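# Observations on the model geometry
If you want the building blocks of each chain, they are given just below.
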Amino acid sequence: MEVNRIADIFCGSGTVLFEASRRNIGFWGCDINPVATLIAKVKSYRLDADAFGVTTARIVDRFASASLVPQISDKASDRLRPWFEDTQFNDLVRLRNAVLDVVGDHREFAAAFDCAFSAILKPVSRWRSRSRKPSLDSLRSAPAVIDTFVRQCRMMQEAWAEVGLSPAAPAEIVRGSVIDVPRPAEPVDLIVTSPPYATSYEYADLHQLSALWLGFVDDHRDLRPSFIGTSSRRSSIGTALRNLNSIGEQVVFSLFDRDRPAAEATATYFLDMQKVAQRCHEFLRPGGISVFVVGNTQLSGVRIDNANHLVESLVDSGFVDVSVVKRQLSNKPNTPYRLPNGRLSSIRTDIQIYAEEYIVMAQRG
């Protein structure tokens, strides 16, 4: 099969985009997360590495004299301060203002330095290292803000120096949910994506530092309802059961007596994923292929069979030649969670990520 255009409907920070770019293949992607789409767009750029380095040096020179007045709302500041030592917070304010002063209206450089700023936030914060869920580590010793920023910019500069200024394959990244964004202007040949899990993570929370610092929201919780897989949206069970496919109906029915809120949120997730399958069919050219990497979860002792639900959704949407390959993940950690005493545990009785994933492939009929 000849592939000229690849899409990723949950494009995240642009891994599929990067691989498509390396192969000079056109790309279309979307994601509801504003931080993710920022990073993905920057990965699609071809910036002058020397000019980027010069601009970095100017930002560093400006840093010491930059304003200490945050360019974010008081509400966002209040939510951010607990994550940082006072010195770190003030240095981030200075750095952010230095970037705004130096870069100005240069759109691509502004996005690139926003991306660099975003990348250092967790390393210089009290965010617990290697934690999959937001948690504070009050004993953590964070590195200096400006040194961390310089290292990040140097890494980005080296990457652009390596790829050079040769024209990249066309890439379009759209901020929005695959459920309701306009379809690509031209059908794509291949979709490669990894959907979110059902109610296992609040994905908006994982990027809250960047979302708040960069001014996307004043409260990261406002982003939650837009995400597929969030527990903040729940469907009426009666309505859901009339619209769910058989796998979704079976899972939600099994979960209902044990944990009604989880059943309602899972029903919403499954209904969303049924729409995702339909949109993928719309996006592809006849004969095009969708490839999904999807894992299963467990809630309150009930197996949330994301993979089989997706297979049935694809078939119902008109896909043919559906095949599934199981991929064992021997080193995948369980989802951590917070105990009543405030400590994190790697074992949870009601939510668990299985150490297995499935690669689901289907062809548009």
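Look up: the structure comes first, before these words.
The present account deals with the structure reproduced in this document.

## Looking at the pattern of salt bridges
- Under the criterion given, the structure shown has 15 salt bridges.
- Among the salt bridges present, the one from Asp 101 reaches Arg 62, with a minimum N-O distance of 3.0 Å. Here the residue Asp 101 occupies a position in helix H5 (residues 86-103), and Arg 62 occupies one in helix H3 (residues 49-63), the gap between them amounting to 39 residues.
- Residue Arg 62 is classed as partly exposed on the basis of its relative accessible area, which comes to 31%.
- A salt bridge links Arg 260 to Glu 264, with the nearest nitrogen and oxygen atoms 3.0 Å apart. Of this pair, Arg 260 and Glu 264 both sit in helix H12 (residues 260-283), 4 residues apart, which is roughly one turn of that helix.

## Thoughts on the layout of surface pockets
- Considering only enclosed or pocket space, the largest pocket measures out at about 1,100 Å³ in volume.
- In terms of lining, the largest pocket is formed by 41 residues, of which the most central are Phe 10, Gly 12, Ser 194, Pro 195 and Tyr 203.
- Mapped by element, the contributors of at least two residues to the lining of the largest pocket are helix H1 (15-22), strand E2 (26-31), helix H2 (34-43), strand E4 (188-193), helix H8 (203-206) and strand E5 (284-299).
- A class-by-class count of the residues in the lining of the largest pocket yields 21 nonpolar, 12 polar and 8 charged.
- There is about 480 Å³ of room inside the second largest pocket.
- Lining the second largest pocket we find 17 residues, and of these Phe 18, Val 42, Lys 43, Ala 159 and Trp 160 sit closest to its centre.
- Counting only elements with at least two residues in the lining of the second largest pocket, the list comes to H1, H2 and helix H7 (145-163).
- Among the elements that take part in the lining of the second largest pocket, H7 stands out by supplying 7 residues, more than any other.
- The residue inventory of the lining of the second largest pocket, partitioned by class, reads 11 nonpolar, 2 polar and 4 charged.

## Quick notes on the nonpolar core
- Grouped together as the largest cluster of nonpolar side chains are 53 residues, with contacts concentrated most on Phe 84, Leu 95, Phe 149 and Trp 213.
- The contacts of Phe 149, once residues within four sequence positions are left out, are Ile 59, Leu 95, Val 99, Phe 113, Ala 116, Phe 117 and Ile 120.
- Among the nonpolar cores identified, the runner-up in size contains 42 residues, and Val 188, Leu 255, Phe 283 and Tyr 358 belong to it.

## What about the packing of H2 against helix H6 (residues 107-120)?
- At a minimum axis separation of 9 Å, H2 and H6 run at an interaxial angle of 125°. Relative to H6, the element H2 is oriented oblique. You can see that H2 and H6 cross each other, and the crossing is left-handed. Contacts from Val 35, Leu 38, Ile 39 and Val 42 in H2 reach Ala 111, Ala 112, Asp 114, Cys 115 and Ser 118 in H6.
- When grouped by side-chain class, the residues that make up the contact of H2 with H6 number 7 nonpolar, 1 polar and 1 charged.

## What about the packing of H12 against helix H13 (residues 306-316)?
- Between H12 and H13, the least distance of the axes is 9 Å, while the angle of their chain directions is 40°. The angle between H12 and H13 places the two elements in the oblique class. Where H12 crosses over H13, the two elements pack in a sense that is right-handed. From H12, Tyr 269, Phe 270, Met 273, Gln 274 and Ala 277 reach across to H13, where they touch Asn 306, His 309, Leu 310, Ser 313 and Leu 314.
- When its residues are assigned to classes, the contact of H12 with H13 shows 6 nonpolar, 4 polar and no charged.

## Describing empty space enclosed by the protein
- If you walk through the whole model with that rule in mind, you get 2 cavities of 30 Å³ or more.
- Approximately 50 Å³ is the volume attributed to the largest cavity.
- Around the largest cavity, the lining residues are Leu 17, Ala 20, Ser 21, Ile 25, Phe 27, Ser 44, Ala 168, Ala 169, Pro 170 and Ala 171.
- It is H1 that contributes the most residues to the lining of the largest cavity, 3 residues altogether.
- Across the lining of the largest cavity, the residue classes break down as 8 nonpolar, 2 polar and no charged.
- Considering only enclosed or pocket space, the second largest cavity measures out at about 30 Å³ in volume.
- What lines the second largest cavity is simply Pro 195, Tyr 269, Phe 270, Met 273, Val 294, Asn 306, His 309 and Leu 310.
- If you list the elements that add at least two residues to the lining of the second largest cavity, you get H12 and H13.

## Topic: the pairing of E2
- The buried fraction of E2 amounts to 6 of the 6 residues, a majority that puts the element mostly inside the structure.
- The alternating pattern of E2 places Gly 26, Trp 28 and Cys 30 and Phe 27, Gly 29 and Asp 31 on opposite faces, both of which are buried.
- Across 4 bridges, the pairing between strand E1 (residues 5-8) and E2 is parallel. Across the sheet, Ala 7 pairs through a bridge with Trp 28, a residue of E2.
- Regarding topology, H1 serves as the crossover connection from E1 to the parallel E2, and that connection is right-handed.
- Pairing between E2 and strand E3 (residues 171-175): 5 bridges, direction parallel. Each residue of the ladder has a partner; that of Phe 27, found in E3, is Ala 171.

Reading guide: rules and limits
- Residues numbered from 1 in each chain as written.
- Predicted model: local features only at pLDDT ≥ 70, side-chain atom pairs only at ≥ 80, totals over all residues.
- Heavy atoms only, no water.
- Salt bridge = Lys/Arg side-chain N within 4 Å of Asp/Glu carboxyl O.
- Helix = DSSP H or I, 4+ residues; strand = E, 2+ residues; numbered from the N terminus.
- Buried < 20%, exposed > 50% of the residue type's maximum accessible area, 1.4 Å probe, protein only.
- 1 Å grid on protein atoms, 1.4 Å probe; cavity = no way out; pocket = protein on both sides within 12 Å on 5 of 7 lines; lining within 4 Å.
- Points joined across faces, edges and corners; volume = space filled by probe spheres on them.
- Nonpolar A, V, L, I, M, F, W, Y, C, P; charged D, E, K, R; others polar.
- Core = buried A, V, L, I, M, F, W, Y, C linked by side-chain atoms within 4.5 Å.
- Contact = heavy atoms within 4.5 Å.
- Axes fitted to C-alpha atoms, helices over the stretch in contact; angles between N-to-C directions.
- Parallel < 35°, antiparallel > 145°, perpendicular 65-115°, else oblique.
- Left-handed = near helix turned anticlockwise from the far one by under 90°.
- Pairing = 2+ DSSP bridges.
- Right-handed = clockwise from strand over helix to strand, strands pointing away.

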